[in-house]
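Spelled out from the first residue to the last, the chains are:
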Amino acid sequence: MNRLYKILIIVIFIYAAGHMAYTFYYESLQTSESKTWFFSAGLAMFFNALINMIHQQLKIPVTRHYAIVANTSLLIFLFVLSAAVPEIQVYVFIMLMLAVTVVSARVAMFRKL
């Protein structure tokens, strides 16, 4: 379970880096404001992965709660986003975040046993 959690965290980091890099190549973003919003979504993914990495490394209750809250919040946001932006990359990220949310909660439960 721990190895799967590490792999999922790495995939989120890669997804975030790709999202931030794509900001500079996405021609549909005309204004600097829209580019900033798009880039900030990549930063949100990056910080979510960072929170999960800290949770995976420290193994203390406070990081467990932060990780579960951050994962659940991002997952809820992605469900809302999928209604506005029905694209494949959103659905893929929903599946990824669903897996991370479940694994982070299960890793936390197994530590208590």
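Right above here is the structure, for reference.
Quick caveat: nothing in here was measured; it's all calculated off a predicted structure. Here the residue numbers are simple positions, counted from 1 along each chain's written sequence. With pLDDT at 70 or above as the cut-off, local features in this predicted model cover only qualifying residues; side-chain atom pairs require 80 or more to be listed or tallied, and sums for whole chains, interfaces and linings still use all residues. In computing side-chain properties, one takes all heavy atoms of the structure into account and sets aside hydrogens as well as water.

Participant: Can you explain helix α1 (residues 2-22)? Please cite residues and give values.
Facilitator: Numbering goes from the N terminus for both helices and strands, where a helix is a DSSP run of H or I of at least four residues and a strand is a run of E of at least two. Helices are assigned an expected span. That span is 1.5 Å times one less than the residue count. If you check α1, its first and last C-alpha atoms are 30 Å apart, about what 21 residues at 1.5 Å a residue would give, namely 30 Å. Note on exposure labels: buried denotes an accessible area under 20% of the residue type's maximum, exposed denotes more than 50%, and partly exposed covers the range between, all computed with a 1.4 Å probe on protein chains only. Taken residue by residue, α1 has Tyr5, Leu8, Ile9, Ile12, Ala16, His19 and Met20 as its buried positions. Taken down its axis, α1 places every buried residue within 110° of arc, on the same side. Exposed residues pointing more than 90 degrees away from the buried face of α1 are listed as Arg3 and Ile14. Think of the arc as the fan of directions from the helix axis to the C-beta atoms.

Participant: Explain the packing of helix α2 (residues 32-58) against helix α3 (residues 61-84) to me, and be specific about the residues and the numbers.
Facilitator: Where α2 meets α3, the axes come as close as 9 Å, and the angle between the chain directions of the two elements is 150°. As judged from the angle between their axes, α2 and α3 are roughly antiparallel. α3 is crossed by α2, and the crossing has left-handed handedness. Contact residues: Asn48, Ile51, Asn52, Ile54, His55 and Leu58 in α2; Thr63, Arg64, Tyr66, Ala67, Ala70, Asn71 and Leu74 in α3. For helices, the fitted line uses only the C-alpha atoms of the stretch in contact; every axis is such a line through C-alpha atoms, and the angle between N-to-C directions lies from 0 to 180 degrees. Angular relationships are summarised with four words: roughly parallel below 35 degrees, roughly antiparallel beyond 145, roughly perpendicular across 65 to 115, and oblique for the angles in between. By definition, turning the near helix anticlockwise from the far helix through less than a right angle yields a left-handed crossing, and turning it clockwise yields a right-handed one. Note on contacts: a residue pair qualifies if any of its non-hydrogen atoms lie within 4.5 Å across the two residues.

Participant: How would you explain the layout of surface pockets if you had to name every residue and give the values?
Facilitator: Cavity: a set of points on a 1 Å grid over the protein atoms alone where a 1.4 Å probe fits but cannot get out. Pocket: an open set with protein on both sides within 12 Å along at least five of seven lines, its lining residues, like those of a cavity, having an atom within 4 Å of a point. Grid points are joined across faces, edges and corners, and a volume is the space filled by probe spheres set on the points. The calculated volume of the largest pocket comes to roughly 590 Å³. Lining the largest pocket are 20 residues, and of these His19, Phe38, Ala41, Leu81 and Val90 lie nearest its centre. Of all the elements in the fold, those that place two or more residues in the lining of the largest pocket are α1, α2, α3 and α4 (88-112). Counting residues per element, the lining of the largest pocket draws most heavily on α2, at 6 residues. Three residue categories are used. Nonpolar comprises Ala, Val, Leu, Ile, Met, Phe, Trp, Tyr, Cys and Pro, charged comprises Asp, Glu, Lys and Arg, and polar comprises the others, including Gly. Its residues placed into classes, the lining of the largest pocket shows 15 nonpolar, 4 polar and 1 charged.

Participant: Before we move on, can you summarise the packing of aromatic side chains with the specific residues and values?
Facilitator: Two rings from Phe, Tyr or Trp (for Trp, the six-membered ring) form a pair when their centres are within 6.5 Å of each other. A pair whose planes differ by under 30 degrees is stacked, one over 60 is edge-to-face, and the rest are tilted. According to the stated counting rule, one finds 7 aromatic pairs in the structure shown. Measuring from ring centre to ring centre gives 5.6 Å for Phe46 and Phe47, while their planes differ by 75°; the resulting arrangement is edge-to-face. Judged by relative accessible area, which is 29%, Phe46 ranks as partly exposed. You can call Phe47 partly exposed: its relative accessible area is 45%. Within the aromatic cluster, the residues linked to one another by ring pairs are Phe13, Phe46 and Phe47.

Participant: So what's going on with α3? Residues and values would help.
Facilitator: Between its terminal C-alpha atoms α3 stretches 35 Å, which fits the 34 Å expected from 24 residues at 1.5 Å a residue. Every buried residue of α3 is accounted for by Thr63, Arg64, Ala67, Ala70, Asn71, Leu74, Leu75, Leu78 and Ser82.

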